[in-house]
Amino acid sequence: MQLTIPKGFFMGAAMSGPQTEGAYKKDHRLESFWDHWSDLSVSDFYNKVGSYVGNDFYERYEEDIKLFKSLHLDSFRTSIQWTRLMDQDQKLNPEGAAFYHKVCACAKENDIELFMNLYHFDMPYYLFARGGWENREVVEAYAVYARTAFREFGKEIRYWFTFNEPIVEPDQEYRHGAWYPFLKDEKRGMQVQYHIALAHSLAVREFRKAKEEGYLLKDAQIGLINAFAPPYTKEDPTPEDLEALRMTDGIHNRWWLDLSTSGTLPGDVLETLKACGMAPEMRPGDEEILKCGRVDWLGFNYYQPTRVQAPKEKVDEAGYPKFADPYIWPERRMNVYRGWEIYPKGIYDFGMKMKREYPDMKFFISENGMGVEHEDRFRNEEGEIQDDYRIEFVQDHLEWVMKAIEEGANCVGYHYWGVIDNWSWSNAFKNRYGFIEVDLMGNYQRKLKKSAHWVKALIERRDGIG
C-alpha cells in the first residue's frame, strides 16, 4: 500500500551546526569541546577525522537550502553554535551572528521554515575547562547566550529549541564513559543532568521575557528535543525488571517530559536517587526556576528502543547503585552498521504514551534516520547510491507515525536525520545517513541518492504536485 501523508503534516530535515558547518576557526569562532578532544587525541575518531570538517555547510548553506527546496522539504532544523555566536567575554561575535543572519535570510527566500536549536553537545571549551555542566556558572552563562540569541534573531526565527538530546552528555561523558574525558560516575552524571534541566528552564524564562518585550515574533514557540526512546522489558517481567523499567523511563524520558509539561521533575525518581545517595544538589529557588521549564511543544528523536532488565549486580564499578542492565530481545532486527535495533513500532508507542499521559502537548519527529557504512557498494552505473534500505526504514517508521495520528496522537511533522551526510562525533563519516551524499574526496560535492527522489515524490503526493 502506498504511503500517504496528510496535508498540514510538515516534512523536513534535521542537522546541527557542529556536524555540518566546518570553518572551525573562521570569523573568530571559539574552540569547542570537540575541537579540544580532536587536538588531544584525533586517533579516537574514525579514520582520524576530528571535529574540524563538518560537511562545509558554512560555505554551501545557499546550495544546501536550495537542495531542500528542490526536494519540496518545507522546514529544516539546525543549531546555532555557542562557540560561533559568542566571544569568551559572553558578548556577541558580530561575524558569527552575520553567518546565522544569512542562513535565516536564505531560508526565508526559499520559503523554508527554519527551526533553530541552541545547543547540540558543543560547549565552548573554556567553559568545559571550568567544569562544564557540573558548574552552576556555566548554567548561568548558557542563559546569557540564550538571551543574546533570542534578541538577535527574534524577528527571523519562529521555532526555537533549548537543547537537542539533553540526556546524551550525562550518558556519554559520565555514565558510559564513551566520550572525553571518559568518566564513569553516575552521581556526577545526575548532577550534570540536573544542571542541564536548570539551564533549559532558564532559557525558556529568557524566551518568555524576550517575547513579552517584543523581541520575538508574536507566534514564536519554544520547545525541547530529546531521544525519548520507549523503554521495554521482558514479556514476563519480574518485579525487579519492572523496577529497572521505572527508573530507566524516569531518568531518560519522564525527567524531561515532566519538566517540559509541568515544570517539575519526577518525584519518585528523586526519592530513589536520594535513598541511594545519588540525588543532585539543589539550591533554594531552584523549584521556581524549574517551573519555567514548560514548553510549547516537543521534538522526539527516534532511532531505536531501550530494552532493559533487572541488573545482575547491585552496584557499578564505582560503587553506585545500578538501576538496569540491557535486555536483548530475541526477535530484534538490527542495523548492523550502527549497532542499533530497528523497531518502527516504538515511534507509535511513544505517540500513544503522549496521548495518554501528556495529551495537551503536541510533538513532532525531530530525528529519525538510518546510518550505513560503505554506501559506495550500492552505487549504480550512473553513479547514484541505491539506498532502498533507507527508503524502507523511513517508510516503515512513517507508517507507524500515521497510525499513531489516526489513533489520536498529536504529532504534527517529521524531520529526517541527517538529510545531507554529516560528521557524526567520534564516528566521523563512518556511517552515512543522508538523502544527499557528500563526496569527501570531491570537494564536498552534493549528490542525490535514490531516497532523495523517493521523499520528493512522497511530498509531491501530499501537496498534489505533478
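This write-up is about the structure you can find in this document. None of these values were measured; they are calculated from a predicted model. (Residues numbered from 1 in each chain as written. Predicted model: local features only at pLDDT ≥ 70, side-chain atom pairs only at ≥ 80, totals over all residues. Heavy atoms only, no water.)

A look at the overall build of the protein chain
Under the convention used in this document: Labels follow the DSSP assignment, with helices taken as runs of H or I lasting at least four residues and strands as runs of E lasting at least two, numbered in each case from the N terminus. The size measure is the radius of gyration over C-alpha atoms, and the globule rule it meets is 2.2 Å times the number of residues to the 0.38 power. Burial here depends on accessible area, computed with a 1.4 Å probe over protein chains only, as a share of the maximum for the residue type. Under 20% is buried, over 50% is exposed, and the range in between is partly exposed. Whether two residues touch is decided by their heavy atoms; if any such pair falls within 4.5 Å, the residues are in contact. A 1.4 Å probe and the Shrake-Rupley method give the accessible areas. Residues count as covered only by the protein chains that appear here. Counted charges follow a simple rule, with Lys and Arg positive, Asp and Glu negative, and His plus the chain ends left uncounted. Charged groups are reduced to one reference atom each: NZ for lysine, CZ for arginine, CG for aspartic acid, CD for glutamic acid.
A count of helices and strands for the protein chain gives 15 helices and 17 strands. A compact globule built from 466 residues should have a C-alpha radius of gyration of about 23 Å, and the protein chain, at 21 Å, falls within 12% of that. Across its three principal directions, the C-alpha atoms of the protein chain cover 60 × 55 × 45 Å. The proportion of buried residues among the 466 residues of the protein chain is 58%. Put simply, of all contacts in the protein chain between residues at least 6 apart along the chain, 77% involve residues at least 24 apart. Surface accessibility of the protein chain: about 18,900 Å² in total, with carbon and sulfur atoms responsible for 49%. In the protein chain, 60 positive and 76 negative side-chain charges are present, and the distance between their average locations comes to 2 Å.

Examining the pattern of salt bridges
Heads up, the condition is: Note on definitions: salt bridges are taken to be side-chain nitrogens of Lys or Arg within 4 Å of carboxyl oxygens of Asp or Glu.
The final tally for this structure, using the stated rule, is 41 salt bridges. Across the pair aspartate 439 and lysine 447 runs a salt bridge, and its minimum N-O distance is 3.5 Å. Here lysine 447 falls in the partly exposed class, since its relative accessible area comes to 27%.

Quick look at the sheet that holds strand β6 (residues 231-232)
Defined as follows: Any two strands between which DSSP finds at least two bridges are classified as paired. Simply put, an axis is a line fit to the C-alpha atoms, just over the touching stretch for a helix, and the angle between two N-to-C directions goes from 0 to 180 degrees.
Pairing within the open sheet is mixed, and its three strands lie in the order β6-β8-β9. Each edge of the open sheet is held by one strand with a lone partner, namely β6 and β9 (325-326). Direction of pairing for strand β8 (residues 306-309) relative to β9: antiparallel, over a ladder of two bridges. In the sheet register, valine 308 faces β9, and the bridge partner there is proline 326. Running at roughly 140 degrees to β8, helix α10 (residues 239-262) makes contact with β6 and β8 of the sheet.

Notes on the sheet that holds strand β4 (residues 159-164)
Around the barrel, eight strands lie side by side as β1-β2-β3-β4-β5-β7-β12-β14; this closed barrel has parallel pairing. Neighbour to neighbour, the strand axes of the sheet diverge by 25 degrees on average, direction disregarded. As paired elements, strand β5 (residues 221-226) and strand β7 (residues 297-301) share four bridges and run parallel to each other. Of the residues in β7, the one forming a bridge with isoleucine 225 is glycine 299. Where α10 meets the sheet, its contacts fall on β5 and β7, and the angle it forms with β5 comes to roughly 175 degrees. With respect to the sheet, helix α13 (residues 345-357) is in contact with β7 and β12 (362-367), its orientation differing from that of β12 by roughly 155 degrees.

Here we look at the packing of aromatic side chains
Quick reminder of the rule: Pairing of aromatic rings covers Phe, Tyr and Trp, the last counted by its six-membered ring, and requires centre-to-centre distances within 6.5 Å; plane angles under 30 degrees mean stacked, over 60 mean edge-to-face, and any other angle means tilted. Comment: the charge-over-ring label is applied if NZ (Lys) or CZ (Arg) is within 6 Å of the ring centre and within 35 degrees of the ring normal.
For the coordinates displayed, the defined rule picks out 62 aromatic pairs. Every member of this aromatic cluster is reached through a ring pair, and the members are Phe33, Trp34, Trp37, Phe45, Phe121, Tyr125, Phe128, Trp179, Tyr180, Phe182, Trp423 and Trp425. The cationic tip of arginine 84 hangs over the ring face of phenylalanine 99; the distance from NZ or CZ to the ring centre is 5.9 Å. In this arrangement the basic side chain of arginine 307 is found over the ring face of tyrosine 343, its NZ or CZ atom lying 4.7 Å from the centre.

Brief notes about the environment of methionine 190
With respect to the helices and strands, methionine 190 occurs in helix α9 (residues 186-212). Given the relative accessible area of 0%, methionine 190 is considered buried. For the pair formed by methionine 190 and isoleucine 251, sequence separation is 61 residues and the distance between their alpha carbons is 8.9 Å. In contact with methionine 190, other than residues within four places in its own chain, are Arg175, Ile251, Trp255, Leu273, Met278 and Pro280.

Some remarks on the packing of helix α3 (residues 57-70) against helix α5 (residues 94-109)
We count it as follows: For classification purposes, angles smaller than 35 degrees are called roughly parallel, those larger than 145 roughly antiparallel, those between 65 and 115 roughly perpendicular, and all remaining angles oblique. Residue classes follow a fixed rule: Ala, Val, Leu, Ile, Met, Phe, Trp, Tyr, Cys and Pro count as nonpolar, while Asp, Glu, Lys and Arg count as charged, and any other residue, Gly among them, counts as polar.
Contact geometry of α3 with α5 gives a least axis separation of 9 Å together with a crossing angle of 10 degrees. When the axes of α3 and α5 are compared, the pair comes out roughly parallel. Here Phe57, Tyr58, Tyr61, Glu62 and Ile65 of α3 come into contact with α5, specifically with Phe99, Lys102, Val103, Cys106 and Ala107. Looking at side-chain class alone, the contact of α3 with α5 contains eight nonpolar, no polar and two charged residues.

A look at helix α2 (residues 33-40)
The criterion, for reference: Each polar contact in these results corresponds to two N or O atoms within 3.5 Å; when the atoms are within protein, one needs to be able to donate a hydrogen and the other to accept it, and residues that are neighboring in sequence are counted only if both atoms are side-chain atoms.
With respect to burial, α2 is a largely interior element, six of its eight residues being buried. Within α2, burial applies to Phe33, Trp34, Asp35, His36, Trp37 and Ser38. Contact partners of the buried residues in α2: α6 (125-128) and α8 (168-175). N-cap assignment for α2: the residue whose side-chain oxygen lies 3.2 Å from the backbone N of tryptophan 34 is serine 32.

Notes on the nonpolar core
Heads up, the condition is: Each nonpolar core is a collection of buried residues, namely Ala, Val, Leu, Ile, Met, Phe, Trp, Tyr and Cys, held together in the definition by side-chain atoms within 4.5 Å.
Counting residues in hydrophobic clusters, the biggest one holds 144 residues, and the most contacted among them are Phe76, Ile80, Trp82, Trp133, Tyr142 and Trp160. At twelve residues, α9 tops the list of elements feeding residues into this core. Apart from the residues lying within four places of it in its own chain, the contact partners of tryptophan 82 are Tyr119, Asp122, Pro124, Leu127, Trp133, Val138, Ala141, Tyr142 and Tyr145. By size, the runner-up hydrophobic cluster in this structure holds seven residues, among which are Phe10, Tyr159, Phe161 and Trp297.

Looking at unusual backbone geometry
Note the cis peptide between tyrosine 180 and proline 181, where omega equals 10 degrees. Tracing the backbone shows proline 181 in the loop between α8 and α9. Positive phi, normally seen in glycine, also occurs at aspartate 27, with a value near 55 degrees. By secondary structure assignment, the location of aspartate 27 is in the loop between α1 (17-20) and α2. With relative accessibility at 25%, the residue aspartate 27 sits in the partly exposed group.

Here we look at the side chain of serine 79
Structurally, the position occupied by serine 79 is in strand β2 (residues 75-79). Look at serine 79 and you get buried, because its relative accessible area is 0%. From its side chain, serine 79 meets the backbone nitrogen of glycine 17 in a polar contact 2.8 Å long. Apart from the residues lying within four places of it in its own chain, the contact partners of serine 79 are Met15, Ser16, Gly17, Pro18, Glu21, Tyr100, Met116, Asn117 and His120.

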